[in-house]
Every structure is written in C-alpha cells, then in structure tokens.
Amino acid sequence: MTLRINDLAPDFEAMTTHGPIRFHDWLGDSWCVLFSHPKDFTPVCTTELGHMAGLEAEFAKRNCKILGLSVDAVADHARWAADIEKTQGHRINYPMIGDSDLKVAKLYGMLPAEAGETCAGRTAASNATVRTVFMIGPDKKIKLMLVYPMTTGRNFDEVLRVIDSMQLTAQHAVATPVNWKPGEPVIIVPSVSDDDARKKYPAGWNTVLPYLRVVAQPA
C-alpha cells in the first residue's frame with residue numbers, strides 16, 4: 001500500500017502497552033506522531049524512544065499525541081521500556097503498539113504483504129524499512145512522512161518545528177520559509193491577493209518578488 005500526503009491514515013485495532021486501541025477513536029481531535037521501529041532492544045531506537053519521552057510535554061502543548069510502534073510483542077516492549085528509562089533518563093508514558101503480527105507495518109506500507117504474519121525469526125535488518133515518522137492531523141489525514149535508515153537517529157526537534165509550522169499555516173493563509181523557526185517571518189501564500197493581504201496585514205509586508213511576500217508571523 002502506497003501512502004501519500006493528505007491520504008486518510010489507515011484505521012486499525014491493535015494491542016498497546018496501554019491496552020487495546022482503535023486508532024481513529026484513540027486519536028480523537030488531536031494531532032499524532034506515529035513513529036515506528038524495526039525491533040525491540042535496538043540501540044538507536046532506544047535513544048529515540050527515550051528522547052520522545054522527554055519531549056512528551058512539548059507535544060502535549062501542541063495537542064499532539066505520541067504513539068510508538070515496534071515489530072515485537074507488547075510484553076517485550078515492557079521489558080525494553082525499563083532499559084530505556086535506565087539509560088535515557090525518561091519514563092515512557094505514551095503507548096507503544098505491539099505489532100508482532102506485522103499488520104500495522106504492512107497496512108502503512110512499511111513492510112510488503114509477503115513479509116509474513118509474525119515477527120518470530122525476523123531481525124532488525126529484515127524490518128529495516130519500519131523506520132517512519134507519520135504526522136497525522138485531527139482530520140485523520142497524513143500531513144508528513146519521514147523515513148530514516150537504521151543507523152541514523154531521528155531529529156524529533158525537527159518534528160516539533162514541523163508541527164508548529166503546520167498548525168500555524170492551517171490557521172493562517174501563510175507558508176513558512178526554509179529553516180523557519182517560531183516567531184520568524186512567514187510567507188503570504190500566492191492564493192491571497194494583495195488587496196486581501198492588506199486587510200489582514202495593515203502594517204504591510206516585504207515584497208521580495210511578486211510571488212514572494214514576507215510578513216511578520218501572525219499572532
């Protein structure tokens with residue numbers, strides 16, 4: 001299954017470290033970061049899960065839930081969580097999906113249909129493609145996909161930056177330029193005429209090019 005930006009995020013039922021969930025019901029009217037892992041007790045993923053646990057309050061400020069997934073059983077996740085807290089200094093309070101039957105990984109296109117129906121006998125290398133960050137909006141649509149190799153730890157500070165950008169641009173008719181950070185100038189989108197822009201931004205803007213109008217970030 002090939003997923004694209006703005007596709008409806010596939011719904012599913014799964015067992016997690018917080019018990020069973022139906023994904024869309026669990027999501028409610030929140031944003032969600034769903035991030036996946038090829039195997040429990042892997043070194044890079046250990047650092048990632050711990051870092052996300054430390055950022056949980058920041059995601060909560062943005063009405064964004066965190067949902068982990070690893071291609072192993074929930075019982076293994078519980079044992080792994082103890083290692084993560086011990087070494088990374090943060091307790092995991094967000095749910096982690098036990099995807100021992102590979103159903104969610106295949107549903108989200110991270111493993112092929114012929115991968116089988118069990119994690120038994122599979123290694124991190126054979127699950128190497130289960131290294132994706134999905135950002136899902138309250139409308140249940142996919143807003144972002146980032147795919148990483150196993151040897152490169154993910155930058156979740158960047159994910160926070162993207163959430164800030166997406167929430168800002170969803171509320172205002174603006175886009176954010178390269179390397180934008182909250183509080184920095186933004187771009188008036190081309191679909192907004194100069195006449196309409198004057199109503200919204202009476203203090204004016206900087207016209208770099210006819211199609212590149214830079215303005216202070218809306219409050």
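Below is a summary of the structure that appears in this document. Being a predicted model, the structure only gives us computed values, none of them experimental.

Within soluble globular proteins, side chains that are nonpolar tend to cluster in buried spots. With 26 residues, the main nonpolar core has Phe 12, Phe 23, Leu 67, Tyr 108 and Ile 136 as its most contacted residues. At three residues, the largest contribution of residues to this core is made by helix α1 (residues 23–27). Formed by 25 residues, the second largest nonpolar core is a distinct cluster that contains Met 52, Trp 80, Met 135 and Met 166.

Here we take up a nonpolar patch on the surface. Taken together, the side chains of Val 208, Leu 209 and Tyr 211 define a hydrophobic patch exposed on the protein surface, amounting to about 300 Å² of accessible area. Inspection of the secondary structure puts Tyr 211 in the loop between β10 (206–209) and β11 (212–215).

Attention shifts here to the sheet that holds strand β8 (residues 174–175). The strand order β8-β9-β11-β10 describes an open sheet built from four strands, whose pairing is antiparallel. Edge positions in the sheet fall to β8 and β10, since each has one partner strand and no second. The pairing of strand β9 (residues 186–188) with β11 spans three bridges and is classified as antiparallel. Considered in β11, the bridge of Ile 188 is made with Arg 213.

Attention shifts here to the environment of His 172. Looking at the secondary structure, you find His 172 in the loop between α6 (156–171) and β8. Overall, the relative accessible area of 12% leaves His 172 in the buried class. Note: C-alpha distance between His 172 and Ala 219 (47 residues apart in sequence) is 9.7 Å. With sequence-adjacent residues up to four places away left out, His 172 is seen in contact with Lys 200, Pro 218 and Ala 219.

Parameters and conventions
Residues numbered from 1 in each chain as written. Predicted model: local features only at pLDDT ≥ 70, side-chain atom pairs only at ≥ 80, totals over all residues. Heavy atoms only, no water. Core = buried A, V, L, I, M, F, W, Y, C linked by side-chain atoms within 4.5 Å. Buried < 20%, exposed > 50% of the residue type's maximum accessible area, 1.4 Å probe, protein only. Helix = DSSP H or I, 4+ residues; strand = E, 2+ residues; numbered from the N terminus. Patch = residues over 30% accessible without salt bridge, like charges linked within 9 Å, V, L, I, M, F, W, Y side chains within 5 Å. Areas by Shrake-Rupley, 256 points an atom, 1.4 Å probe, with all protein chains shown as cover. Salt bridge = Lys/Arg side-chain N within 4 Å of Asp/Glu carboxyl O. Pairing = 2+ DSSP bridges. Contact = heavy atoms within 4.5 Å.

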